[in-house]
Amino acid sequence: MSDTRTHILLVSLKLFLQKNFKEVTMKDIVENTGMSKGAFYHYFESKEKLFYEIIDHFFSAILNYDFNTLPVDSLFRFYHTYADQVNSLRIKFLFNEEGQGEDFINLNFFALLFDAFKLFPEFRSKMEAYHQKERNAWIRAIKNARHSGEINTPLTDEQIAQIFMFTSDGLTMNLTMESNTADLDSRLASLWDNFYATLKT
């Protein structure tokens, strides 16, 4: 991707996160990129097409995450590796191609996701497929842990997977509202460690 195209995507994403998709105009975007109107429209002819490429570009690393790279021989190793790699993906998302580290995770970030769900059904389908792959990976690690005797609990594999996944979603949202996602991985691992301890008893 060209530097100019990436610059446009990054500037637009910042604007969408400062306001929201509906409030930002093409005029706002053109002015903030520092480009002429003619030069800008050479790359994007509509706000919707620009928004789609933003979603595709910045979420591709997350949606293409390969859960098969996670160790499934130990549930403990699985969730600790997952927490570390989630943070790595976050850093990759925040540390943009222009070399600027900036916290893009705010409440408007989630609003943008919902806008993308409404505007682009294929993106919603990709996100649903991602969550299904995540669920399957958790269940695979949990089944192995139960079979090896690592855990012993009356909870079903599905229930355990849901608790791990839902606490991750909830903590991320909570820290976002507090504008404090910097230590997401360590706090997530600590929370999961406590839950894991109950599975071993």
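Up top is the structure these notes are about.
Per chain, residues are indexed from 1 in the order of the written sequence. Totals for whole chains, interfaces and linings use every residue, but because this is a predicted model, local features are given only for residues with pLDDT of at least 70 and side-chain atom pairs only at 80 or more, for both listing and counting. Side-chain measures were taken over the full set of non-hydrogen atoms in the model, leaving aside hydrogen atoms and water.

The salt bridge criterion pairs a side-chain nitrogen of Lys or Arg with a carboxyl oxygen of Asp or Glu, the two atoms within 4 Å. Throughout the structure, instances matching the rule amount to 11 salt bridges. Close ionic contact of Asp 56 with Lys 126 constitutes a salt bridge, the shortest N to O distance being 3.8 Å. Here Asp 56, found in helix α4 (residues 47–63), pairs with Lys 126, found in helix α7 (residues 121–148); they are 70 residues apart in sequence, far enough to count as distant. Between Asp 157 and Arg 146 there is a salt bridge whose closest N-O contact spans 2.8 Å. Helix and strand labels come from DSSP, where a helix needs a run of H or I of at least four residues and a strand needs a run of E of at least two; each type is numbered from the N terminus.

Attention now moves to the nonpolar core. Core analysis: the largest hydrophobic core is formed by 61 residues, its most contacted members being Phe 40, Leu 75, Phe 123, Trp 138 and Phe 164. Elements represented by at least two residues in this core include exactly α1 (3–18), α2 (26–33), α4, α5 (75–94), α6 (107–119), α7, α8 (157–177) and α9 (184–200). The leading source of residues in this core is α7, at nine residues. Nonpolar cores are built from buried Ala, Val, Leu, Ile, Met, Phe, Trp, Tyr and Cys residues. Side-chain atoms within 4.5 Å join them into one set. For every residue, the accessible area (1.4 Å probe, protein chains only) is compared with the maximum for its type, and the residue is labelled buried under 20%, exposed over 50%, or partly exposed between those bounds.

Right, let's get into the packing of aromatic side chains. Pairs of aromatic rings are described using the distance from one ring centre to the other and the angle between the two planes. In this scheme Phe, Tyr and Trp rings, the latter by its six-membered ring, pair at centre separations within 6.5 Å, and the angle between planes marks the pair as stacked below 30 degrees, edge-to-face above 60, and tilted otherwise. Here the structure, examined in full by the defined rule, presents 24 aromatic pairs. Relative to Phe 44, the ring of Phe 40 lies with its centre 6.4 Å away and its plane at 45°, an arrangement referred to as tilted. When its relative accessible area of 2% is taken as the criterion, Phe 44 is described as buried. An angle of 15° between the planes, with centres 4.5 Å apart, marks the rings of Trp 138 and Phe 164 as stacked. With Trp 138 in helix α7 and Phe 164 in helix α8, the pair connects residues that are 26 residues apart, well separated along the chain. For the pair Trp 138 and Phe 164, one class covers both residues: buried. Members of the aromatic cluster, each reached through a chain of ring pairs, are Tyr 65, Phe 67, Phe 76, Phe 78, Tyr 79, Tyr 82, Tyr 130, Trp 138, Phe 164, Trp 192, Phe 195 and Tyr 196. Should the NZ of a Lys or the CZ of an Arg lie within 6 Å of a ring centre and within 35 degrees of the ring normal, that charge is described as sitting over the ring. Across from the ring centre of Phe 21, 4.5 Å away, lies the NZ or CZ of Lys 47, which sits over that ring. Its end group placed over the ring of Phe 117, Arg 124 keeps NZ or CZ at 5.4 Å from the ring centre.

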